[in-house]
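A look at the structure
The lines below spell out each chain.
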Amino acid sequence: MSTKKFLLEENEIPTSWYNIQADMINKPLPILNPGTKEQLKAEDLYPIFAEALCQQELNQTDPWIEIPERVRDLYKIYRPTPLVRAYELEKALDTPAHIYFKNEGVSPAGSHKLNSAIAQAYYCKEQGVTNITTETGAGQWGSALSFAAKVFGLELAVYMVKVSYEQKPYRRMMMQTYGAQVIASPSMSTKAGRKILTENPNYPGSLGCAISEAIELAISTPNCKYTLGSVLNHVSLHQTIIGLEAEKQMEKAGEYPDIVIGCFGGGSNFSGISFPFLRHNLLHGTKTRMIAAEPSSCPKLTRGQFRYDFGDEAGYTPLLPMYTLGHNFAPANIHAGGLRYHGAGTIISQLKKDNLIEAVDIKQLDSFEAGVLFSRTEGIIPAPESCHAIAAAINEAKQAKIEGTQKTILFNLSGNGFIDLPSYDKYLSGDLQNYALTDADIQKNLDALDK
Ligand SMILES: *Cc1c(COP(=O)(O)O)cnc(C)c1O
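Now for a description of the structure that goes with this document. (Residues numbered from 1 in each chain as written. Predicted model: local features only at pLDDT ≥ 70, side-chain atom pairs only at ≥ 80, totals over all residues. Heavy atoms only, no water.)

Here we take up the environment of Ala436. Along the polypeptide, Ala436 turns up in the loop between helix 17 (421–428) and helix 18 (439–449). Separated by 73 residues in the primary sequence, Ala436 and Lys363 have C-alpha atoms spaced 9.0 Å apart. (Helix = DSSP H or I, 4+ residues; strand = E, 2+ residues; numbered from the N terminus.)

Here it is as structure tokens:
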């Protein structure tokens, strides 16, 4: 009988996160103030985020950042997460490839997002912050942060896009069970919300609007900070716990990955699984391929442009150097809600520009086909976002079969799909579709940025 799960002891949880910025030859370009076009300093971000997080965001010198004792202690609730060899999936594919996955779906909030939520809540608490805010679309970040806030005794206000609040009640219920205040956005609690509601009382809400409400509340309330669950460098930093554990577990399995894969929304789980292995490519000459799997309907890495753009729909954030489809891009309403983001984080964007990572796009129907095969072989129903990583892993395993080579493939299972079962229901009833996006559509959107 062969070993399927590669586990670590609690005392083997890594003691530092890995900051890849320190090892990059071409550093990410600076973040700019949209008004003055001047380079932002950590202090410029202090009104919005906890100070330690602002420093982590711009740290380009320290490769290792110590994980605070209390954060490691809370990680023990669900970490180390298992690394699993997907023998049954390999058999179904009849592939010579060895497929491993890191299961972040075992986190109590259901996804990898808790890795950064715990860290962000910790640094806010340390600084004497009493209240935090955020926005959430599908609700994965909001539910992770709701738990983290409660453990540290912080009051959390989550602005949830109004249509999701009404149509996807389960994550709202999770957040409320954890003790967060969930507000349908637009709301009357902020100037931004009141303006929209008085002009258009039936506005269904948008992520951009929810972001502006959450930031406004943070800036106008004493001892209150805003938090973000993806895209930013400090979020990717916290997620490297995934790859650092996986590195030790692959060693126990006696293998080293030829290919590392993560699904791609704003980049945090892909960064988390891949940066610790990319480190060996940068420093020790290994040649592992890192593949980001994004949805075909939101293809910023495969078809976007590298340029300065806003991080949010409404244009409130600083200007970020990123691969983008334009902050005004309206992605199709695919079920992998966490991947519907117009850009990529600044580190990932620089790495892609320098050809140090690869990207592939996956169609919605192919992602669910992969997710269903995975469910029926490994028994885990994956989050619709994670299905993109599975589909990319399956494609590589099929390619290995064609070439007749043994490849070792590692992918990140970013979350479980229990709250997304209605999406599977639609897929199984034939009610889902692919969305085509023409080059002209993309170009039109990018051209609008220059106006
Ligand atoms: C939010 C989310 C994603 C996408 O976000 P990244 O920052 O790109 O990782 C992917 N999978 C799951 C399960 C998520 O909750």
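As a further point, take the side chain of Thr133. Summarising the element assignment, Thr133 is placed in strand 6 (residues 131–136). The exposure class of Thr133 is buried, given its relative accessible area of 1%. Filtering out sequence-adjacent residues up to four positions away, Thr133 remains in contact with Leu156, Ala157, Ala214, Leu217, Ala218, Cys224, Lys225, Tyr226 and Thr227. (Buried < 20%, exposed > 50% of the residue type's maximum accessible area, 1.4 Å probe, protein only. Contact = heavy atoms within 4.5 Å.)

Right, let's get into the site of the ligand. The ligand sits among 18 residues. The nearest are Lys113, Ser230, Gly265, Ser268 and Ser414. Separating an oxygen atom of the ligand from a side-chain N or O atom of Lys113 is a distance of 2.7 Å. With respect to the ligand, the side chain of Ser230 contributes an N or O atom lying 2.5 Å from an oxygen atom. (Near = heavy atom within 4 Å. Polar contact = N/O pair within 3.5 Å; in protein donor to acceptor, adjacent residues only side chain to side chain.)

This model, assessed by the stated rule, comprises 15 aromatic pairs. Seen in terms of ring centroids, Tyr18 and Trp64 are 5.2 Å apart; in terms of plane orientation they differ by 45°. Their pairing is tilted. With Tyr18 in strand 2 (residues 16–18) and Trp64 in strand 3 (residues 64–66), this residue pair connects regions lying 46 residues apart in the sequence. Summarising the aromatic geometry, the rings of Phe101 and Phe411 are spaced 5.7 Å apart at their centres and angled 25° between planes, so their arrangement reads as stacked. (Phe/Tyr/Trp six-rings, centres within 6.5 Å; stacked < 30°, edge-to-face > 60°.)

This paragraph deals with the sheet that holds strand 8 (residues 181–185). Either a parallel or an antiparallel arrangement is found when strands of a sheet pair, and the pairing is made through backbone hydrogen bonds. In spatial order, the strands read 8-7-6-9; together these four strands make up an open sheet with parallel pairing. Strands at the two margins of the open sheet, each flanked by one partner only, are strand 8 and strand 9 (224–226). Each strand of the sheet is rotated relative to its neighbour by a mean of 25°, with strand direction disregarded. Looking at chain direction, strand 6 and strand 9 are connected through three bridges and run parallel. (Pairing = 2+ DSSP bridges. Axes fitted to C-alpha atoms, helices over the stretch in contact; angles between N-to-C directions.)

Looking at the second largest pocket, its volume works out to about 200 Å³. Contributing to the lining of the second largest pocket are Leu93, Asp361, Ile362, Lys363, Asp366, Glu369, Ala370, Leu373, Ala391, Ile394, Asn395 and Lys398. Looking at the lining of the second largest pocket, the elements with two or more residues in it are strand 14 (358–362), helix 15 (364–378) and helix 16 (386–403). Classifying every residue of the lining of the second largest pocket gives six nonpolar, one polar and five charged. (1 Å grid on protein atoms, 1.4 Å probe; cavity = no way out; pocket = protein on both sides within 12 Å on 5 of 7 lines; lining within 4 Å. Points joined across faces, edges and corners; volume = space filled by probe spheres on them. Nonpolar A, V, L, I, M, F, W, Y, C, P; charged D, E, K, R; others polar.)

Read across the open sheet, the seven strands follow the order 1-4-5-15-10-11-14; overall the sheet is mixed. Both edges of this open sheet fall to strand 1 (5–6) and strand 14, since each of them pairs with a single strand only. Judged from the three bridges that link them, strand 4 (residues 83–85) and strand 5 (residues 98–103) form a sheet pairing that is antiparallel. Residue pairing for strand 5: Leu83 is matched across the bridge by Lys102. Sitting on the sheet, helix 15 touches strand 4, strand 5, strand 14 and strand 15 (408–413), and the angle it makes with strand 14 is about 90°.

Helix 10 (residues 207–220) packs onto helix 9 (residues 191–199) with a crossing angle of 140° between their chain directions and a minimal axis gap of 8 Å. Considered as vectors, helix 9 and helix 10 are oriented oblique to each other. Mapping the contact onto sequence places Lys191, Ala192, Gly193 and Ile196 in helix 9 and Cys209, Ser212, Glu213 and Glu216 in helix 10. (Parallel < 35°, antiparallel > 145°, perpendicular 65-115°, else oblique.)

Running from N to C, helix 15 and helix 17 point in directions that differ by 105°, and their axes come no closer than 11 Å. Judged on the interaxial angle alone, helix 17 and helix 15 are roughly perpendicular. Taking contact as the criterion, the partners of Leu365, Phe368, Glu369, Gly371, Val372 and Arg376 in helix 15 are, on helix 17, Ser423, Tyr424, Tyr427 and Leu428. Of the residues that constitute the contact of helix 15 with helix 17, the class distribution is six nonpolar, two polar and two charged.

What follows is about the nonpolar core. Side chains of nonpolar character tend, in soluble globular proteins, to be buried together. One finds Trp17, Tyr75 and Ile118 to be the most contacted residues of the largest nonpolar core, which totals 66 residues. Here the element with the most residues in this core is helix 5 (residues 114–126); it accounts for eight residues. Those residues in contact with Ile118 that lie beyond four places of it in its chain are Val71, Leu74, Tyr75, Tyr78, Ala148 and Phe152. The next biggest cluster of nonpolar side chains, apart from the first, holds 29 residues, and it includes Leu93, Ile261, Ala293 and Ala393. (Core = buried A, V, L, I, M, F, W, Y, C linked by side-chain atoms within 4.5 Å.)

Now for unusual backbone geometry. The omega torsion of the bond from Arg79 to Pro80 falls at -10°, within 30 degrees of zero and hence cis. In this structure, the amide linkage connecting Ser185 to the following residue, Pro186, adopts the cis form with an omega of 10°. Residue position: Pro186 is located in the loop between strand 8 and helix 9. Of note in the backbone geometry, Asp94 takes a positive phi value of approximately 50° without being a glycine.

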